[in-house]
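Listed here are the chains, written in short residue letters.
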Amino acid sequence: MKQDMIVVLDLGSTENTTLARKIREFGVYSEIYPHDITIEELNKLPNVKGIILNGGEYRHVDDQDVDVLDELYHVECPIISIDYPTSKTDIQYDELPSDQILKAFVFDTCQAQANWNMQNFISDQVAHIQQEVGDKKVLLALSGGVDSSVVAALLIKAIGQQLVCVHVNHGLMRKNESEDVVKVFEEKLGANLIYIDATERFLGKLEGVSDPEEKRKIIGNEFVYVFDEEASKLEGIDYLAQGTIYPDIVESGTKTMKTVKSHHNVGGLPEDMTFKLIEPLYQLFKDEVRACGVELGLPYNMVYRQPFPGPGLGVRVLGEITRDRLEAVRESDAILREEFERVGLDKKVWQYFTVVPNFKSVGVRDHERSYEYPVIIRAVNTIDAMNASIERIDYGVLETITDRILHEVKGVNRVLYDLSPKPVATIEWE
Ligand code: XMP
């Protein structure tokens, strides 16, 4: 990597990620490391221009007072400390210093260059991947989610047909989602893509299963079996690519920040498959991943799509997954998304979807008594998915959506809007 770097050392602050992100916003690359990093480890990092000791209020990690190793105070690059009280600080703060002070440190004291941007990242990574992979092949499970899509686009740019993408359609995808993956990656980007429609296999395994955790387990396990079967048919694959991103690696606030996600048994692949891992996005925060995707030419709606759970629509068809209710969820979700896009709510609301429960109610259709399912609309905003509040949707918009769902979705006679925040509810219904 050619970019200059400011290292943030975690001495117990809760603001490590905010600080690293802020420095990156200045255009300077920044990474977070644990307080007990050794000088050898530090010397291995490329282009370190300065170090920030980030202690927060107490310089406590796991209830213990902490400091960096003494040897760290003898490195040649500039060091500041953000905490109080302390004996070795240049600045004392109870929160992050102003942009002005941080910029003075980064640019004046450390003389760092503002060369962190997605064009540089992509050209660095392309060169790095080409050098690492050579003429070998790389395998990627391409779900169509943001991270795996951006990894795919980056690898296609770097090694083209040496990347083998496997897309498993588990039958619980949203409307046209798998088709879009094929359209974008095979048709537009020319990817070497293996598309597996495993709908029948998944739905078969899920028959009669109503417990949400059991459903999750079956979907997760089956996904691994299908992917493994496909992978074992392929020959000459040396690498497995993963969409690991920086928040997967960093855990804020404690020395557990050292914990790098365990890479053993990735996706539960068989032990005799000895792939080397390649994780080209491991340096990026989510918004940087999206910016990278845009720079690589991926469509906006793929890069800025809302979060979608691994078990897909499977946890939005409550109880046993039946085909009629799966179709009702898929169709009503598509209508909700279309209408949200039409009024711009897709850019405002964090996550929005529909749910179909496993009970019916009485209605009137074509002058006759009907007995059909309700559709529940959920639209929430959150920062970290731990707490969420509902979006206050305009009644006119809700009425349009309701009207469309009642007329276009088979077997549905009521539309409800879920007003519950998280907690006490969760975002998903299962
Ligand atoms: P809850 O329902 O726990 O959801 O409030 C919080 C966020 O997590 C997503 N979610 C999942 N994501 N596998 C996933 O990959 C799952 O089993 C799963 N369950 C919930 C949910 O969509 C929301 O964004």
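Residues numbered from 1 in each chain as written. Predicted model: local features only at pLDDT ≥ 70, side-chain atom pairs only at ≥ 80, totals over all residues. Heavy atoms only, no water.

## Let's talk about the confidence of the model for the chain
Test applied: Across the chain, each position has a pLDDT score giving the predictor's confidence in that residue, from 0 to 100. Here, two residues are considered to be in contact whenever any of their heavy atoms come within 4.5 Å of each other.
Residues at a pLDDT of 70 or more form 92% of the chain, whose mean pLDDT is 91. Confidence drops under pLDDT 50 across residues 252–268; counting only partners more than four residues distant or on other chains, this segment forms 36 contacts.

## Focus: the packing of aromatic side chains
Keep this limit in mind: Any two of the Phe, Tyr and Trp rings considered here, Trp counted by its six-membered ring, make a pair once their centres fall within 6.5 Å; the pair's planes then place it as stacked at under 30 degrees, edge-to-face at over 60, or tilted in between. A run of H or I in DSSP becomes a helix once it reaches four residues, and a run of E becomes a strand once it reaches two; helices and strands are each numbered from the N terminus. Only protein chains enter the accessibility calculation, which uses a 1.4 Å probe; a residue whose area is less than 20% of its type maximum is buried, one above 50% is exposed, and one in between is partly exposed.
All told, the structure shown has six aromatic pairs when counted by the stated rule. For the ring pair Phe26 and Phe107, a centre distance of 6.4 Å and an interplane angle of 45° mean the geometry is tilted. Of this pair, Phe26 sits in the loop between α1 (16–25) and β2 (29–34) while Phe107 sits in helix α3 (residues 99–109); the two residues are 81 residues apart in sequence, bridging distant segments of the chain. Judged by its relative accessible area of 13%, Phe26 falls in the buried class. What makes Phe107 partly exposed here is its relative accessible area of 24%.

## Considerations on the pairing of strand β3 (residues 48–56)
Convention followed: For two strands to be treated as a pair, DSSP must find at least two bridges joining them.
Across the nine residues that make up β3, a large majority, eight, are buried. In the sheet, strand β1 (residues 5–10) pairs with β3 via six bridges, with the strands oriented parallel. In the strand pairing of β3, Val7 is matched with Ile51. Two elements, β3 and strand β6 (residues 79–83), share five bridges in a ladder whose sense is parallel. Within the sheet, the bridge partner assigned to Gly56 lies in β6 and is Asp83.

## Looking at the site of the ligand
Where we set the bar: Whether a residue is near a molecule or strand depends on its heavy atoms: it is near if one of them lies within 4 Å of it. The protein chains shown are the only cover counted for residues, whose accessible areas, like all others here, come from Shrake-Rupley with a 1.4 Å probe. We call Asp, Glu, Lys and Arg charged. Ala, Val, Leu, Ile, Met, Phe, Trp, Tyr, Cys and Pro are nonpolar, and the rest, Gly among them, are polar.
Neighbouring residues of the ligand: Arg216, Pro309, Gly310, Pro311, Trp350, Gln351, Lys422, Thr426, Ile427 and Glu428. In isolation the ligand exposes 490 Å². Once the protein is present, 68% of that is buried. Residue composition of the shell around the ligand, grouped by class: four nonpolar, three polar and three charged.

## Overview of a nonpolar patch on the surface
To be explicit about the condition: By definition, no residue in a patch forms a salt bridge, and every one has over 30% relative accessible area; like charges are joined within 9 Å, nonpolar side chains (Val, Leu, Ile, Met, Phe, Trp, Tyr) within 5 Å. Whenever Lys or Arg places a side-chain nitrogen within 4 Å of a carboxyl oxygen from Asp or Glu, that contact is recorded as a salt bridge.
A cluster of nonpolar residues, Val294, Tyr300 and Tyr304, forms a patch on the protein surface that exposes about 290 Å² of accessible area. Assignment of secondary structure puts Tyr300 in helix α11 (residues 300–303).

## Topic: the nonpolar core
So the rule is basically this: The definition of a nonpolar core used throughout is a set of buried Ala, Val, Leu, Ile, Met, Phe, Trp, Tyr and Cys residues joined through side-chain atoms within 4.5 Å. A domain assignment, automatic or from a database, supplies the domain bounds used here.
Counting residues in each nonpolar core, the largest one holds 59 residues, and the members touching the most others are Leu9, Ile51, Phe121, Val138, Leu163, Phe185 and Leu281. No other element matches helix α5 (residues 146–159), which puts ten residues into this core. Here this core spans two domains, since at least three of its residues come from each of domain 1 (5–109) and domain 2 (118–303). Once residues lying within four places of it in the same chain are set aside, the contact partners of Ile51 are Val7, Leu9, Leu42, Leu72, Val75, Cys77, Pro78, Ile79, Ile80 and Phe105. In this structure, Leu172, Ile196, Ile219 and Phe275 belong to the second largest nonpolar core, which totals 46 residues.

## Structural notes on the layout of surface pockets
Test applied: Only protein atoms enter the 1 Å grid used here, on which a cavity is any set of points holding a 1.4 Å probe that cannot leave and a pocket is any open set flanked by protein within 12 Å on both sides along at least five of seven lines; residues with an atom within 4 Å of a point are listed as lining. Grid points are joined across faces, edges and corners, and a volume is the space filled by probe spheres set on the points.
Reported here for the largest pocket is a volume of approximately 1600 Å³. Together, 46 residues line the largest pocket, and Ser143, Gly145, Asp147, Lys286 and Phe308 are the ones closest to its centre. Those elements that provide at least two residues to the lining of the largest pocket are β8 (137–141), α5, α8 (212–233), β11 (237–241), α9 (246–249) and α10 (286–295). Element by element, the count of residues in the lining of the largest pocket is highest for α8, at six residues. In the lining of the largest pocket, the residues fall into 24 nonpolar, twelve polar and ten charged. Three or more residues apiece are contributed to the lining of the largest pocket by two domains, here domain 2 (118–303) and domain 3 (322–417).

## Brief notes about the pattern of salt bridges
A side chain with one charge can pair with a side chain of the opposite charge if their charged atoms come near. According to the stated counting rule, one finds 27 salt bridges in the structure shown. Put simply, Asp99 and Lys22 hold a salt bridge, and the shortest N to O gap is 2.7 Å. Separated by 77 residues along the polypeptide, Asp99 in helix α3 and Lys22 in helix α1 bring together distant segments of the chain. The class of Asp99 is partly exposed, set by a relative accessible area of 34%. In this structure, Glu230 engages Lys233 in a salt bridge whose closest nitrogen and oxygen atoms are separated by 3.0 Å. Of this pair, Glu230 and Lys233 are both found in helix α8, three residues apart, which corresponds to roughly one turn of the helix. Via salt bridges that share partners, Glu338, Glu339, Arg342, Arg404 and Glu408 belong to a single interconnected network.

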